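Fold and geometry: a report
Listed here are the chains, written in short residue letters.
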Amino acid sequence: MTRSPAPPLPPPRERRRLREAGSLTRAQLAERVGVRPDTVRAWESGRSAPRGRNRKAYAELLAGLKATADGGATADGGATADAVAVTGASAEPVGRQVRELGATVTARPERTGGGGADGAVLPDPEAFVLEPSGTGPVRERRAPWWVRSVAGCEAFPYLTPAQAFDALYAYCAPALVRQAYLLTGRRDLAHESVERAFQRAWDHWPEVARDPDPAGWVRAAAHEWALSPWHRLRRRYRHPEPPPPEEDDRTLLEGLLSLPPPYRRTLVLYDGVGLGLPETAAETEASTRATAGRLMYARKTLAARVPELADPRELHHRLAELASTGRLRAAEPSAVRGGSERRARFWTRAATAFTVVLIGATALTLHTAPTHYVPPVPPGETVQGVPPRMAPGPLSDDRRELRDRLREAPHHGPERLTPQAR
């Protein structure tokens, strides 16, 4: 009797996304599968995997949710789907997802001008980031999706790590610099954040190359470096940079910088980059409910400063304009790779030197340390009862006479050599 193979499951992050796309809580999904909510949490975090009947039921449920999500995306020729943010009992459509060339482009409805139709979707290549679909069998060895997007071709037989890194950098760096500028309001810090993120990616390139979403990996690293609280202690970042020339841009930037860093990052990811609510929650390491609350608070704060920004379309358009006013340009990928390699060599040499010093100090200690036990010398004790030493007094008459006789006696002679018998 042969055992049937276990049904395949999507990655843990995809499991959570499918559950939230189906508007199911962990308790509801656990009730359908027949397990506890904590078990579903462990499945979605990757700490454990279902087995036996639970795995089969869980796989069938996720397949149904995926089919429902894909079936709801077939509008206008099967190319778009609405992303809905739910807060409380109200739902608000805030964006669309467009599937093109095996990738998912998250776009926002833009204001149309001239003869354009109302509500048309106009994706901005500088403000949006392509994300891999992760579906479909791999029939041939293909280049990564970001390489095909940059090079404009369908397949590469082989790619060196440097070529793949340069393609990813050319594809993501310009947009990441603009996003970091929206998060920090500083051009130098935006460039530094993106360079450090890609240097870290080059240091961990085998991990990044195998990641389903390398652009998201680098984006998360850049945002974390940009929002690090330690920058306020650096002297070069103690004073603010000159604000944008336009009054509206200054007001928007001040409103963004007045938000707490998690709220600011949530707003930029959702209304700027165009991620969905589950993806934004996963990248900010927060629950979907908390992410929705942060988003609503950030929108309300900006709308209080600029009433026109209450419209999500206008907010997205203004964020794209503000990010483009800085005229930010990323460094060359070869310079970033070189900086990463120099930093790695420096820390390697520093670690080697520290290890050599530590080994030398240990060897010197072992050489100079005693090889046997040496008892300590006890401290001295004071002796009591010893009479004090007296100074010699004057000589008596007999002593003086004896002294004179000794001085007058010859120094050499038989008297001193032959004793007298008495």
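Along each chain, residues carry numbers from 1 onward, in the same order as the chain's sequence is written. The model is predicted, so local features are restricted to residues of pLDDT at least 70 and side-chain atom pairs to those at 80 or more, both for listing and for counting; the totals for chains, interfaces and linings are taken over all residues. Heavy atoms throughout the structure, all of them, feed into the side-chain values; hydrogens and water do not.

1. Some thoughts on the overall build of the chain
A run of H or I in DSSP counts as a helix once it spans at least four residues, and a run of E counts as a strand once it spans at least two, with each numbered from the N terminus. A count of helices and strands for the chain gives 17 helices and four strands. Accessible area is worked out with a 1.4 Å probe on protein chains only. A residue is then buried under 20% of its type maximum, exposed over 50%, and partly exposed in between. The buried share among the 422 residues of the chain stands at 35%. For this analysis, residues touch if any pair of their heavy atoms sits within 4.5 Å. Put simply, 61% of the contacts in the chain that link residues at least 6 apart link residues at least 24 apart. Counting every atom, the chain has about 27100 Å² of accessible surface; 55% of that belongs to carbon and sulfur. Calculation of accessible area relied on Shrake-Rupley with a 1.4 Å probe; when residues are assessed, cover is drawn exclusively from the protein chains displayed.

2. Considerations on the pattern of salt bridges
By salt bridge we mean one thing: a side-chain nitrogen of Lys or Arg within 4 Å of a carboxyl oxygen of Asp or Glu. Summed over all chains, the structure comprises seven salt bridges. Residue R19 pairs with E44 through a salt bridge whose shortest N-O separation is 2.5 Å. Taken as a pair, R19 in helix 1 (residues 12-21) and E44 in helix 3 (residues 37-45) lie far apart in primary sequence, 25 residues in all. Of the two residues, R19 and E44, neither departs from the other in class, the shared state being buried. Between E247 and R250 there is a salt bridge, with the nearest N and O atoms lying 2.2 Å from each other. Residue E247 and its partner R250 are both found in helix 10 (residues 247-258); the two are separated by three residues, about one turn of the helix.

3. Regarding helix 4 (residues 52-71)
Over its 20 residues, helix 4 extends 29 Å from the first C-alpha to the last, a length consistent with the 28 Å expected when each residue adds 1.5 Å. Residues of helix 4 that are buried sit in contact with helix 1, helix 2 (26-33) and helix 3. Between the first and last residue of a helix there are one fewer steps than residues, each counted as 1.5 Å, and that sum is the expected span.

4. Considering the side chain of H223
On the secondary structure map, H223 appears in helix 9 (residues 214-226). Think of a polar contact as two N or O atoms within 3.5 Å of one another; within protein, one of them needs to be a possible hydrogen donor and the other a possible acceptor, and neighboring residues in sequence only count if both atoms come from side chains. Side chain to side chain, H223 and Q179 meet in a polar contact 3.1 Å long. Once residues within four sequence positions are removed from consideration, H223 is found in contact with Q179, L183, R265, L269 and E283.

5. A short note on helix 11 (residues 261-273)
With 10 of 13 residues buried, helix 11 is to be regarded as a mostly interior element. The complete set of buried residues in helix 11 reads R264, R265, T266, L267, V268, L269, Y270, D271, G272 and V273. Positive backbone phi, at 100 degrees, marks G274, one or two positions downstream of helix 11.

6. Some points on the environment of Y58
Inspection of the secondary structure puts Y58 in helix 4. A relative accessible area of 0% means that Y58 is categorised as buried. Separated by 15 residues in the primary sequence, Y58 and W43 have C-alpha atoms spaced 9.9 Å apart. Aside from chain neighbours lying at most four places away, what touches Y58 is L9, R15, L29, V33, W43, E44 and P50.

7. Quick word on the environment of Q199
Tracing the backbone through its elements, the reader meets Q199 in helix 7 (residues 187-203). Those residues in contact with Q199 that sit more than four places away from it in its chain are V336, G339, S340 and R343.

8. Side note on the packing of helix 6 (residues 161-184) against helix 15 (residues 333-368)
For helices, the axis comes from a line fit to the C-alpha atoms of the stretch in contact; other axes are also lines fit to C-alpha atoms, and the angle between any two N-to-C directions lies between 0 and 180 degrees. For the pair helix 6 and helix 15, the least separation of the axes is 9 Å and the interaxial angle reads 120 degrees. By the angle between their axes, helix 6 is oblique relative to helix 15. Every pair of crossing elements has a handedness; the one defined by helix 6 and helix 15 is right-handed. Counted together, A162, F165, D166 and Y169 of helix 6 and P333, V336 and R337 of helix 15 form the full contact between these two elements. Lys, Arg, Asp and Glu make up the charged group, whereas Ala, Val, Leu, Ile, Met, Phe, Trp, Tyr, Cys and Pro make up the nonpolar group; the residues left over, Gly among them, are polar. Per-class residue counts for the contact of helix 6 with helix 15 are five nonpolar, no polar and two charged. Put simply, angles under 35 degrees are roughly parallel, angles over 145 are roughly antiparallel, angles from 65 to 115 are roughly perpendicular, and the rest are oblique. Helix crossings get a hand from a simple test, with the near helix turned counterclockwise from the far one by less than a right angle marking a left-handed crossing and a clockwise turn marking a right-handed one.

9. A word on unusual backbone geometry
Positive phi values are uncommon outside glycine, yet E285 reaches one of about 55 degrees. If you trace the backbone, E285 turns up in the loop between helix 12 (277-283) and helix 13 (288-305). Of the residues examined, E285 reaches a relative accessible area of 72% and is grouped as exposed.

10. Some thoughts on the side chain of R318
Mapped onto the secondary structure, R318 falls in helix 14 (residues 312-325). Here R318 sits buried without a salt bridge, and the closest side chain of opposite charge, E314, lies 4.3 Å off (N-O distance). In this structure the side chain of R318 is engaged in a polar contact, spanning 3.2 Å, whose partner is the backbone oxygen of D248. Once you skip the residues sitting within four places of it in the chain, R318 turns out to touch D248, D249, L252, V306 and L309. Positive charge is attributed to Lys and Arg, negative charge to Asp and Glu, and no charge count is given to His or to the chain ends.

11. Some thoughts on the environment of E14
The topology assignment puts E14 in helix 1. The spatial distance from the C-alpha of E14 to the C-alpha of E279 is 9.5 Å, given a sequence separation of 265 residues. Separated by 2.6 Å, the side chains of E14 and R17 make a polar contact.

12. With respect to the nonpolar core
Core analysis: the biggest nonpolar cluster contains 46 residues, and F198, V218 and L267 have the highest contact counts within it. Mapped onto this core, the elements with two or more residues apiece are helix 6, helix 7, helix 8 (205-210), helix 9, helix 10, helix 11, helix 13 and helix 14. For this core, the element with the highest residue contribution is helix 6, accounting for 12 residues. Aside from chain neighbours lying at most four places away, what touches F198 is F165, L168, Y169, C172, A173, L176, V218 and V336. To form a nonpolar core, buried Ala, Val, Leu, Ile, Met, Phe, Trp, Tyr and Cys residues must be joined to one another through side-chain atoms within 4.5 Å. The next biggest cluster of nonpolar side chains, apart from the first, holds 14 residues, and it includes L18, V33, V40 and A59.

13. Here we look at the confidence of the model for the chain
When pLDDT is averaged along the chain, the result is 75, and 74% of the positions lie at 70 or above. The predictor reports its confidence for every residue as pLDDT, a score running from 0 up to 100. When mean pLDDT is compared element by element in the chain, helix 13 scores highest at 92, while strand 1 (residues 80-87) scores lowest at 31. Confidence over residues 74-143 falls short of pLDDT 50; this stretch has 137 contacts with residues more than four positions distant or in other chains. Note on residues 150-156: pLDDT is under 50 here. Beyond four places in sequence and across chains, it has 11 contacts.

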